[in-house]
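Read off the chains here:
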Amino acid sequence: MRLILLGPPGSGKGTQAHRLVHRYGIVQLSTGEMLRAAVAAQTPVGLKAKDVMASGGLVPDEIVIGIISDRLDQPDAAKGFILDGFPRTVPQAQALDELLKKKHMRLDAVVELRVNESALLQRVESRVAEMRARGEEVRIDDTQEVLTKRLASYRALTEPLIHYYSERRKLLTVDGMMTIEHVTREINRILTAIGAVEAKAAKKAAAAKRIASGTKKAAGKASKSAGKGAGAARKVAKAPRKAVKPASKRPKTASRKSSAGSKAAVVRKAKKTAKKVTKKRAKA
Ligand code: AMP
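Criteria and thresholds
Residues numbered from 1 in each chain as written. Predicted model: local features only at pLDDT ≥ 70, side-chain atom pairs only at ≥ 80, totals over all residues. Heavy atoms only, no water. UniProt positions renumbered as here; feature names shortened; annotations may be inferred. Near = heavy atom within 4 Å. Polar contact = N/O pair within 3.5 Å; in protein donor to acceptor, adjacent residues only side chain to side chain. Nonpolar A, V, L, I, M, F, W, Y, C, P; charged D, E, K, R; others polar. Core = buried A, V, L, I, M, F, W, Y, C linked by side-chain atoms within 4.5 Å. Buried < 20%, exposed > 50% of the residue type's maximum accessible area, 1.4 Å probe, protein only. Helix = DSSP H or I, 4+ residues; strand = E, 2+ residues; numbered from the N terminus. Contact = heavy atoms within 4.5 Å. Pairing = 2+ DSSP bridges. Phe/Tyr/Trp six-rings, centres within 6.5 Å; stacked < 30°, edge-to-face > 60°. Lys NZ or Arg CZ within 6 Å of the ring centre and 35° of its normal.

As recorded in an unreviewed UniProt entry, the protein goes by Adenylate kinase and comes from Bradyrhizobium erythrophlei. Annotation of the protein in UniProt includes, under Catalytic activity (unreviewed entry), the sentence "AMP + ATP = 2 ADP". Checking UniProt for the protein, the heading Function (unreviewed entry) contains the comment "Catalyzes the reversible transfer of the terminal phosphate group between ATP and AMP. Plays an important role in cellular energy homeostasis and in adenine nucleotide metabolism."

In structure tokens:
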């Protein structure tokens, strides 16, 4: 699975990326984290990036594109990745398109976490307080002043990517104002609906869900039928995908979001049916 997580600072990209990594066994490629590591190690890249980062500006394109290109070539990225903090501008997105093309990799989706801006300052303040309480070092760009600058930069330079990926039918928008748990669930739901989640991962996730909600005995039975349930869910999630016309033949107003929504309804129905079957079997 190859994803981009899009959202302003404080929208929860890092948290959700960690969860996706854990769930699907893919790697998180955060340019911010890589640059902070380079600054800490005082590498040539770190020395160039240090002051720009401290002031909330953007590190030059050639540096971040180079970092990402090298990272995509590492063996652990072959299984899949989540880009967090990259691309941040339209030229970076175009460069990424080129990179992926050269490396014969296809992007599955761009997940946008949409949040209310007024909540962001408060979120970042809580993040700083929590980090201090844990005795962790606080990021030097997590101050109100720098955050305001980072937000302005997001609005001016990164938000156009919403249109960029929407036009390419890659954009999936999630309400980032929900609880962390809800956002995670919603991301997993839409990834399953568009068929980005591999059958094995979907089966594992469905089985884990049943184990969490039922008794151990029931869970044992359920894991057998979960295979069927998830399989069925995946089939129906994938079926409409085949029927989708190529982008050039689709009406311009048709959005990926709405097609993902209707697929999701079919998936929910299939899961419900699978659950009923499990219950019936358990009763018998
Ligand atoms: P983040 O952790 O994503 O908030 O990034 C922290 C800082 O690293 C940003 O404020 C930028 O200075 C720099 N940075 C991270 N990713 C990029 C990028 N794709 N392009 C330019 N600068 C970046």
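On we go from here.
A. Spotlight on the site of the ligand. Near the ligand lie 16 residues; those nearest to it are T31, G57, G85, R88 and Q92. Measuring from a nitrogen atom of the ligand, one finds a backbone N or O atom of G85 at 2.9 Å. Note that a nitrogen atom of the ligand is positioned 3.0 Å from one of the side-chain N or O atoms of R88. Its residues placed into classes, the shell around the ligand shows 6 nonpolar, 5 polar and 5 charged.

B. A look at the nonpolar core. Of all hydrophobic cores here, the largest spans 33 residues; its most connected members are I68, F81 and Y165. Only β1 (2-6), β2 (27-30), α2 (31-40), α3 (44-55), α4 (61-72), β3 (81-84), α5 (90-102) and α8 (160-167) provide two or more residues apiece to this core. With 6 residues, the top contributor of residues to this core is α4. Here I68 is in contact with L29, T31, M34, L83, F86, L96 and L99, once residues within four sequence places are set aside. One finds L20, I82, A109 and I187 within the second-largest nonpolar core, a separate group that totals 20 residues.

C. Representation of the pairing of β1 within the structure. Counting buried positions over the 5 residues of β1 gives 4, a clear majority of the element. Note that β1 and β3 share 4 bridges and pair parallel. Among the inter-strand pairings, L5 is bridged to a residue of β3, identified as D84. As judged from the 4 bridges shared by β1 and strand β4 (residues 109-114), these two strands associate in the parallel manner. Bridging from a neighbouring strand, L3 pairs with A109 of β4.

D. Here's a closer look at the UniProt feature "binding site: AMP" (unreviewed entry) in the protein. Residues annotated in UniProt with the feature "binding site: AMP" (unreviewed entry) correspond here to T31, R36, G57, L58, V59, G85, F86, P87, R88, Q92, R139 and R150. Among the secondary structure elements, G57 is positioned in the loop between α3 and α4. What makes G57 partly exposed here is its relative accessible area of 28%. Ignoring any residue separated from it by four or fewer positions in sequence, one finds G57 in contact with V52 and K149.

E. How the structure looks around the packing of aromatic side chains. Enumeration according to the criterion identifies 1 aromatic pair in this entry. Between Y164 and Y165, the aromatic rings sit 5.0 Å apart at their centres with planes inclined by 85 degrees, giving edge-to-face as the arrangement. Looking at Y164, the relative accessible area reads 7%, which means it is buried. Here the basic side chain of R168 rests over the ring of Y164, its NZ or CZ set 3.6 Å away from the ring centre.

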